[in-house]
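# Summary of the model geometry
Single-letter residue listing:
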Amino acid sequence: VWDSQPKVIKFSRKHQRGSAVNGLRRQKRDWVIPPINVPENSRGPFPHMLVRIRSDQDKDVGIRYSITGAGADQPPSGIYNIDPISGNMFVTQPLDREDRASFHLRAHAVDMNGNQVENPIELYIYVIDMNDNRPEFQNQVYNGSVAEGSKPGSSVMQVTATDSDDSTTANGMVRYRILSQTPHNPIPNMFTINSETGDIVTVSAGLDREKVSQYTIIVQATDMEGNLNFGLSNTATALISITDINDNPPELTVRTFSGEVPENKVNVVVTNLTVVDRDQPHSPNWNAVYRIVGGDPTGHFTIHTNPITNEGMLTVIKPVDFEMNRAFGLTVVVSNQAHLASGIQSSLQSTAGVTISVQDVNEPPVFPVNPKMIRFEEGVPAGTTLTVFAAQDPDRFIHQIVRYSKLSDPANWLKINRTNGQITTMALLDRESMFVKNNVYEATFLAFDNGSPPASGTGTLQIYLIDVNDNAPELIPREAQLCDRPRPNSRINITAADGDADPNVGPFVFELPSFPASVRRNWTISRLNGDYAQLKLRLSYLEAGVYDIPVIVSDSGNHRSAIRVKVCPCDDNGDCSATGAVAAAGLGTGAIIAILISIIILLSMVLLFVVWMKRREKERQAKPLLIDPEDDVRDNILKYDEEGGGEEDQDYDLSQLQQPESLDHIINKPAGVRRVDERPVIAESQYPVRSSLPHPGDIGEFINDGLRAADNDPTAPPYDSLLVFDYEGSGSTAGSVSSLNSISSGDQEYDYLNDWGPRFKKLADLYGGGDDD
């Protein structure tokens, strides 16, 4: 509200000490300028006078008034102005307290010359608040939650609204209240709100998520301290979710479940246990946990929870035997993953019984001992009965017949009686066979019944073969080499290998037989240890050749073996020479000489044949030619011994090598040898004419024209000849050769050709009349 009468504000008086005549006067306190109040959102009219600024000296001198500060000459400028003569101060537009609540200005008074006549005074202008703003909620929708079964007074959530008006006045004081609640169950007023803070709390008990999972609350905020007649209001929505607690135990749908399972099967679902739980699905309060508390002492079964349906899948994890247990009676208990809420008792329906029937199936025959090992000495003859390898049928309540067959017998040594499982040998059992590993021979057999469907079982028979001394030692090496004139250290180290095992192998005894007598006369053997011996030559010389020397090698019995020794002449290093190697192969001296003579005769024949061919070639070249020298094309034939990359990588015109289509000009030729590659008598291509100028404009173009003409000329010769271009350039640095004209009639001396060097020697001999050779 504007002031009814504008105030007059005067400048404070300047106080000075009085003169001696007037004496001293008490100084008065400075004036206190009261603030100027301006209401916001005024409708005017504008400009509107606020106060009048006046100086006491305006009667004596001319005074000019002005104001400075934010709102006058500073941003936001132009809101306030002052009449410089009368000092009336005006506001020029409506004010908004929420934009700016106060202004601080200064008023000035100066004379006509601009000299200050009064001290500036401070002016404070306050914008008076009006209730022009509604409360505003921070969110239009608030989300809160409270657990079901909560006691009255439990905090739920808080809503907040703000008012831009002055909070120190009723214009900005906000109060809250609940307008509505949906749904109204169990009562319409389940919640209340603190009118000043906006806190929402429960009023009464009875929250049950299984009945109402969410409430919708409409909250109103009103300023003017909640005065509905004068205040401004706004609303928001509060969504209150009721959180689940485990207040409902799981309940099995029936008291007894049943199922059946085949014997000897695992990981088979016997039956599904169904359960009901009213708590929030797929939460720990809803997830079921099943336990078997009775009827399965050996742990044949377990229960897994289906995470989607919450059903219990009763599964067999250990094979059940129909002959041992035909049925099972289990006791099952179900509970939740989370503990029940305080004060909630477990339901009797969380326990049920499960009856399981075991189905009989045809089981395969079983070998009581598998694998079965027996021990025999090797060398057991064919037809020997080793053992009875019989199987038992687990199906005791069904009479079935068991039959047998052989499944694996690597050496084909065994056979099995089809009726009773008796094992008999078909061949000699040899411990040294490749099919025996670590003295054990292994075979597998099949036992099958006549059930429906038939079932079969496999059994393994292991035969441990005890070694007997049935293998003679064998000399190592089988062949050796020795010089015909042995040196002091010339000897052959020998040992023996025996296929038997301890104690039927070494130590070995090495001896030379007494017959024939030449063996002991020419050779001697000495034992180094139980495994090695040395064979040496007794004689100082033995004719080259191959000798089979018998040696008696004994382990626990006497056995004869032989070693082949090649005796040969040796070089200085003790190695067999080339001739010696031949001699050692069993050839005598006469045979060696005959072989050498044969080689010499063969080489002589080859040499004579080569000489004869050379002479024949020379005679052929000396014969006269049968054709004219002009027609001789031998010098034009070039041999190319490299094929290169083929015709694609050579820029040759092969059309010139084609045979002419007409041979008339050859047939009409005089008798003699005719060439079929002569120039055909047809029109020739026109070659470019040489320019009369000494320097044609483009030599390259001239050459290209000649090349194209030559490529298209059907009369061009196929043999290698130069394509002559009659342009020789602008001149030559060589002198004239007209003096060499062959048609000159006068005699001429050519002796000076001898001075031209070796290149002209032949010409000098022809024309210069030199000495005949």
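Residues numbered from 1 in each chain as written. Predicted model: local features only at pLDDT ≥ 70, side-chain atom pairs only at ≥ 80, totals over all residues. Heavy atoms only, no water.

### Re the sheet that holds strand E29 (residues 402–408)
Taken in spatial order, the 4 strands line up as E27-E33-E32-E29 in an open sheet, and their pairing is mixed. A strand with exactly one partner marks an edge of an open sheet, and here the two such strands are strand E27 (372–377) and E29. Across the sheet, the mean angle separating the axes of adjacent strands is 30 degrees when strand polarity is ignored. Judged from the 6 bridges that link them, E29 and strand E32 (residues 440–449) form a sheet pairing that is antiparallel. (Pairing = 2+ DSSP bridges. Helix = DSSP H or I, 4+ residues; strand = E, 2+ residues; numbered from the N terminus. Axes fitted to C-alpha atoms, helices over the stretch in contact; angles between N-to-C directions.)

### Let's talk about helix H5 (residues 699–711)
Over its 13 residues, H5 runs 19 Å from end to end, which matches the ideal 18 Å to within 8%, given 1.5 Å per residue. Listing the buried residues of H5 in full gives Phe702, Gly706, Ala709 and Ala710. With its buried residues spanning 100 degrees around the axis, H5 presents them on a single face. (Expected span 1.5 Å × (residues − 1). Buried < 20%, exposed > 50% of the residue type's maximum accessible area, 1.4 Å probe, protein only. Arc of directions from axis to C-beta.)

### Looking at the nonpolar core
Judged by nonpolar contacts, the single largest core of 26 residues is most densely connected at Ile53, Ile67, Tyr80, Met89 and Leu123. Listed by contribution, the elements that provide at least two residues to this core are strand E2 (36–39), strand E3 (48–54), strand E4 (64–69), strand E5 (80–82), strand E6 (88–91), strand E7 (102–110) and strand E8 (121–128). Ignoring sequence-local partners within four residues, the contact set of Tyr80 consists of Leu50, Ile67, Gly71, Ala72, Met89, Phe90, Val91, Leu95, Phe103, Leu105 and Ile125. Tyr142, Ala161, Tyr215 and Ile242 belong to the second largest nonpolar core, which has 23 residues in total. (Core = buried A, V, L, I, M, F, W, Y, C linked by side-chain atoms within 4.5 Å. Contact = heavy atoms within 4.5 Å.)

### Considering the pairing of E4
Residue alternation in E4 divides its side chains into a buried set, Tyr65, Ile67 and Gly69, and an unburied set, Arg64, Ser66 and Thr68. By the bridge criterion, 6 bridges tie E4 to E7 in an arrangement that is antiparallel. By the bridge assignment for E7, Gly69 is matched with Leu105.

### Quick word on the packing of aromatic side chains
Each aromatic ring pair is characterised by the separation of its centres together with the angle its planes make. Within this structure, the stated rule accounts for 10 aromatic pairs. Look at Phe137 and Tyr176: their rings are 6.3 Å apart centre to centre, the planes differ by 50 degrees, and that puts the pair in the tilted class. You can see Phe137 sitting in strand E9 (residues 136–137) and its partner Tyr176 sitting in strand E13 (residues 175–182), a full 39 residues away along the chain. Residue class for Tyr176 comes out buried when judged on its relative accessible area of 7%. Their ring planes at 35 degrees and their centres at 4.6 Å tell us that Trp413 and Tyr441 sit as a pair that is tilted. Of this pair, Trp413 sits in the loop between E29 and strand E30 (414–416) while Tyr441 sits in strand E32; the two residues are 28 residues apart in sequence, bridging distant segments of the chain. Members of the aromatic cluster, each reached through a chain of ring pairs, are Phe137, Tyr142 and Tyr176. (Phe/Tyr/Trp six-rings, centres within 6.5 Å; stacked < 30°, edge-to-face > 60°.)

It is worth stressing that arrangement in space is one thing and function is another; only the former is reported here.
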